[in-house]
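A closer look at the structure
So you can see what is in the structure, the chains are spelled out below.
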Amino acid sequence: MNQAYDLACQTLQNIGQLEVDREITARGVLQAAESGERNANKLCERAIHGLTAFDYRQQCA
């Protein structure tokens, strides 16, 4: 899960989504892992799916 979290944070940084809270990213990784997924790349994909600046603002509202 640590690898997936680091990969998700790096991916978000690379696409310019610096404002996405790391807690939201961690929560996404954990939720994906709770469903049984163990592949770091797939955990990353599921954790950041739909996380845009707009999505982030909606979650915080």
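This one's a predicted model, so the numbers in the text were calculated from it and none came from an experiment. (Residues numbered from 1 in each chain as written. Predicted model: local features only at pLDDT ≥ 70, side-chain atom pairs only at ≥ 80, totals over all residues. Heavy atoms only, no water.)

Considerations on the nonpolar core
Ala4, Val29, Ala32, Ala33, Ala40, Leu43 and Ala47 together form the largest nonpolar core, which totals 7 residues. Among the elements of the structure, α2 (22–34) and α3 (40–48) are those that each provide at least two residues to this core. Not counting residues within four places of it along the chain, the set of residues in contact with Leu43 comprises Met1, Ala4, Val29, Ala32, Ala33, Glu37 and Arg38. (Core = buried A, V, L, I, M, F, W, Y, C linked by side-chain atoms within 4.5 Å. Buried < 20%, exposed > 50% of the residue type's maximum accessible area, 1.4 Å probe, protein only. Helix = DSSP H or I, 4+ residues; strand = E, 2+ residues; numbered from the N terminus. Contact = heavy atoms within 4.5 Å.)

Structural notes on the side chain of Glu37
Relative to the elements of secondary structure, Glu37 occurs in the loop between α2 and α3. Within the local environment of Glu37, its side chain forms a polar contact with the backbone nitrogen of Asn39, the two atoms lying 3.1 Å apart. Setting aside anything within four residues of it in sequence, one finds Glu37 in contact with Ala32, Lys42, Leu43 and Arg46. (Polar contact = N/O pair within 3.5 Å; in protein donor to acceptor, adjacent residues only side chain to side chain.)

Let's talk about the packing of helix α1 (residues 2–14) against α2
Two numbers describe how α1 lies on α2: the axes approach to 10 Å, and their chain directions differ by 135°. When the axes of α1 and α2 are compared, the pair comes out oblique. Note on packing geometry: the crossing formed by α1 with α2 is right-handed. Contacts between α1 and α2 involve Ala4, Tyr5, Ala8, Cys9 and Leu12 from the former and Arg22, Thr25, Ala26 and Val29 from the latter. Looking at the contact of α1 with α2 residue by residue, the classes come out as 7 nonpolar, 1 polar and 1 charged. (Axes fitted to C-alpha atoms, helices over the stretch in contact; angles between N-to-C directions. Parallel < 35°, antiparallel > 145°, perpendicular 65-115°, else oblique. Left-handed = near helix turned anticlockwise from the far one by under 90°. Nonpolar A, V, L, I, M, F, W, Y, C, P; charged D, E, K, R; others polar.)

Some remarks on the environment of Leu12
Relative to the elements of secondary structure, Leu12 occurs in helix α1. When the C-alpha positions of Leu12 and Thr25 are compared, they lie 9.3 Å apart, and in sequence the two are 13 residues distant.

Brief notes about the pattern of salt bridges
Counted by the stated rule, this structure contains 1 salt bridge. The salt bridge partner of Glu23 is Arg27, with a shortest N-O separation of 3.2 Å. Of this pair, Glu23 and Arg27 both sit in helix α2, 4 residues apart, which is roughly one turn of that helix. Judged by relative accessible area, which is 53%, Glu23 ranks as exposed. Here Arg27 falls in the partly exposed class, since its relative accessible area comes to 40%. (Salt bridge = Lys/Arg side-chain N within 4 Å of Asp/Glu carboxyl O.)

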